[in-house]
Amino acid sequence: MGLIRVDLEKCERDGICVDVCPVHILVLNHDMRPEVAPGMAQYCIGCGHCVAACPHEALNNVRSPLAEQGKLPAYPVVDSETALAFLRSRRSIRRYTDFPVPRELIVRLLQAARYAPSGHNSQGISYIVVDELSALKRIRGLVADWMREVIVSQPEMANRLHMPGIVRAHERGEDLILRDAPALIVAIAPKDLRPAPITACLALEYVELYATTLSLGTCWAGYAQVCAQQYPPLAEYLRLKEEMGVLGMLMVGYPRYRYHRLPERNALQIEWFDAKSS
Ligand SMILES: Cc1cc2nc3c(=O)[nH]c(=O)nc-3n(C[C@H](O)[C@H](O)[C@H](O)COP(=O)(O)O)c2cc1C
Ligand code: SF4
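Here goes a summary of the coordinates provided. What you are looking at is a predicted structure, and each value in this text was computed from that prediction instead of being measured. (Residues numbered from 1 in each chain as written. Chains lettered and ligands numbered in written order. Predicted model: local features only at pLDDT ≥ 70, side-chain atom pairs only at ≥ 80, totals over all residues. Heavy atoms only, no water.)

1. Looking at the overall build of the protein chain
Inference 1: Per the secondary structure count, the protein chain includes 10 helices and 8 strands.
Inference 2: A compact globule built from 278 residues would reach a C-alpha radius of gyration of about 19 Å, whereas the protein chain, at 24 Å, exceeds it by more than 25%.
Inference 3: Principal-axis analysis of the C-alpha atoms places the extent of the protein chain at approximately 75 × 55 × 45 Å.
Inference 4: Split into buried and exposed, the 278 residues of the protein chain put 37% on the buried side.
Inference 5: At a minimum sequence separation of 6, the contacts of the protein chain that also span at least 24 residues come to 73%. (Helix = DSSP H or I, 4+ residues; strand = E, 2+ residues; numbered from the N terminus. Rg over C-alpha atoms; globule rule 2.2 N^0.38 Å. Buried < 20%, exposed > 50% of the residue type's maximum accessible area, 1.4 Å probe, protein only. Contact = heavy atoms within 4.5 Å.)

Rendered as structure tokens:
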């Protein structure tokens, strides 16, 4: 089979697949059936839009087979008010219970993250998951070591980022680095995968949002993330390969407290661009 296969009995010649292809590699032939434009198959990004948008299940694509596409019986999937409450209910959780997060739930979170958008559908994010308390303790220790160095070498920045207080807290056994979370997700990707920094953020946001549906809480571990990017001992401890970079870190655990209110954010700032005044 070439890139696509058209079921001639099911194809209604509506051209939807051609219209939705983001890279415009599909064309309609003389018989109004879709086909790949000559020499263009290599540009398919495997996004699966052509297969997913066909109302007749008439199109198959080796890069995104019909058999692997789940059905979407209704759209939208949730009503807008529920969705907004869902989005607003995600908070950065910094107090966790001692319950460990079952590994199968971590896998479910990361499976959900695969559906995040990525430039040219490049995907490419993989994960290191740390869920052993001794390893989390070691990571905290390495981040504190790094902070001690930054406090000496870049005192202004260290102060701005509250590092002296975080190190003091660490020394008295209070964890302001990983917040005693029982699990840490580290998003990594090849350093030369250009869309990866944004993709990783989007993937981890999918994790954060989906986690709420499993009664889990999350919080970005920004200090540990920057440490892994700048302080070789942490990258070495994580056994990060030379060609891989850390692009995001997320604490995960069961929230100790339930939130009862949805706070406001800053007022929306929006400017409608007026072409006439340009
Ligand atoms: C940072 C970023 C930039 C993107 N830029 C474009 C773009 O310029 N044009 C476009 O058609 N799609 C763009 N996309 C969409 C991706 O191609 C799309 O997410 C990917 O093919 C997966 O398809 P899906 O989002 O429909 O699941 C972009 C996505 C991301 C995350
Ligand atoms: S999978 Fe995406 S890029 Fe490939 S032919 Fe279908 S719509 Fe076009």
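2. Describing the site of ligand 2
Inference 1: In the vicinity of ligand 2, the contacting residues are Cys-21, Pro-22, Val-23, Ile-25, Cys-44, Ile-45, Gly-46, Cys-47, Gly-48, His-49, Cys-50 and Asn-61.
Inference 2: Here the residues of the shell around ligand 2 are counted per class, giving 8 nonpolar, 4 polar and no charged. (Near = heavy atom within 4 Å. Nonpolar A, V, L, I, M, F, W, Y, C, P; charged D, E, K, R; others polar.)

3. Considering the packing of helix α5 (residues 133–153) against helix α7 (residues 163–171)
Inference 1: Across the interface, α5 lies against α7 with an axial gap of 9 Å and an inter-helix angle of 140°. With respect to their mutual orientation, α5 and α7 come out oblique. Two packed elements cross with a definite hand, and for α5 against α7 that hand is left-handed. Facing Arg-140, Gly-141, Ala-144, Trp-146, Met-147, Arg-148, Val-150 and Ile-151 of α5, the residues of α7 in contact are Met-163, Pro-164, Ile-166, Val-167, His-170 and Glu-171.
Inference 2: For the contact of α5 with α7, the residue count by class is 9 nonpolar, 2 polar and 3 charged. (Axes fitted to C-alpha atoms, helices over the stretch in contact; angles between N-to-C directions. Parallel < 35°, antiparallel > 145°, perpendicular 65-115°, else oblique. Left-handed = near helix turned anticlockwise from the far one by under 90°.)

4. Quick notes on the environment of Ala-221
Inference 1: Structurally, the position occupied by Ala-221 is in the loop between β7 (217–220) and α9 (222–230).
Inference 2: On a C-alpha basis, the gap between Ala-221 and Leu-250 in space is 5.3 Å, while along the polypeptide they are 29 residues apart.
Inference 3: Not counting chain neighbours up to four residues away, the residues in contact with Ala-221 comprise Leu-178, Leu-184, Met-249, Leu-250 and Met-251.

5. Regarding the pattern of salt bridges
Inference 1: Evaluation of the coordinates by the stated rule reveals 12 salt bridges.
Inference 2: Residues Glu-174 and Arg-172 are paired through a salt bridge, measuring 3.2 Å at the closest nitrogen-oxygen approach.
Inference 3: For Glu-174, a relative accessible area of 32% gives the class partly exposed.
Inference 4: One salt bridge connects Asp-274 with Lys-276, and the closest N-O pair in it is separated by 3.8 Å.
Inference 5: We classify Lys-276 as exposed; its relative accessible area is 77%.
Inference 6: Here the salt bridges do not stand alone but share partners, grouping Arg-13, Asp-31 and Arg-33 into one network. (Salt bridge = Lys/Arg side-chain N within 4 Å of Asp/Glu carboxyl O.)

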